[in-house]
Amino acid sequence: WKRSRRELLRCLEVLVRWVLGREELPGPAELPGWERLLRCCRREGLLDTGSPEWECGATARPLCLLLDDNFYYQSMRYELYQLARKYSLGFCQLFLECPLECCLQRNGLRSDPVPEQTIHLMARKIEMPDPEKNAWEQNSLILRSSEHISEDNEQIMNLLATALANPVRPNQEDPEQKEAARAICAASAAHQADQTCRRVISQAMKDARDKNIPASEMKSLAEELNKLKAGFLEDLRQGKTLKTQYSDLATSVTSSFQQEATNVVNKYILK
């Protein structure tokens, strides 16, 4: 499912870029799932490539792409918001709230019902839009889908009109905010690295004792290892540490520290 969502997101971005006139349509073998999306778009009359209106991808009429899915985690929906922000598109959310009992009842009437435990699991996991917590969810509408209210259609059209008239602005990088985020990341990485480095030192001291290094030298070894650790952590806090081949700062630091600590211990062992 994760792979399918990634493929759909990629297909969606390619479609958006084509509509904006920024990219040619790929061939069916270039992008997984692309041919299925094209069939769907043609069925809805969105991709009449023989029409002059679509000749260069651009279209004068408003284009609304509806992604019909549970999107039970806010993070799943946020990926789409980021796409809208990247290309200055309108973005809105329509959340259909339905009691668990009603979902189970409707599922029982389906010709091919899903397992009831799946519905129970979804009910526990699903995260409703929270505009008070997430500014990017401001343009959201929550409707009780167990009922039919005549005003629903008007509310939905107003939601779409608002999204169309207010495209998401591209993210403007705030240097102060970026520095604050970097400091938070570095502090967290430093804490993780400190814990790991302590374990490395403890193991290094044990290895040194097993090699019968004199007590007087054990003290010097401990001081040298702690001084080495302090230097590594300070570089990490100051943002001087490179990630090299590792995916995070803490892993990069502790791997380098492990190598340096081994070199220090070997220096005492090989005296």
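The rules behind each value
- Residues numbered from 1 in each chain as written.
- Predicted model: local features only at pLDDT ≥ 70, side-chain atom pairs only at ≥ 80, totals over all residues.
- Heavy atoms only, no water.
- Helix = DSSP H or I, 4+ residues; strand = E, 2+ residues; numbered from the N terminus.
- Buried < 20%, exposed > 50% of the residue type's maximum accessible area, 1.4 Å probe, protein only.
- Polar contact = N/O pair within 3.5 Å; in protein donor to acceptor, adjacent residues only side chain to side chain.
- Expected span 1.5 Å × (residues − 1).
- Contact = heavy atoms within 4.5 Å.
- Pairing = 2+ DSSP bridges.

A. Quick peek at the side chain of Asp194. By the element assignment, Asp194 lies in helix α7 (residues 175–210). The class of Asp194 is buried, set by a relative accessible area of 13%. Looking at Asp194, its side chain comes within polar contact range of the side chain of Arg198, at 3.0 Å. At 3.0 Å, the side chain of Asp194 and the side chain of Lys229 are in polar contact.

B. Region of the structure containing helix α6 (residues 152–165). When the terminal C-alpha atoms of α6 are compared, their 20 Å separation across 14 residues agrees well with the 20 Å that a helix rising 1.5 Å per residue should span. Those residues of α6 that are buried lie in contact with β1 (93–97) and β2 (140–144).

C. Examining the pairing of β2 more closely. Burial along β2 is one-sided: Leu141 and Leu143 are buried, while Ser140, Ile142 and Arg144, pointing the other way, are not. Where β1 meets β2, five bridges bridge the pair, whose relative direction is parallel. Pairing of Leu94 across the sheet is with Leu141, part of β2.

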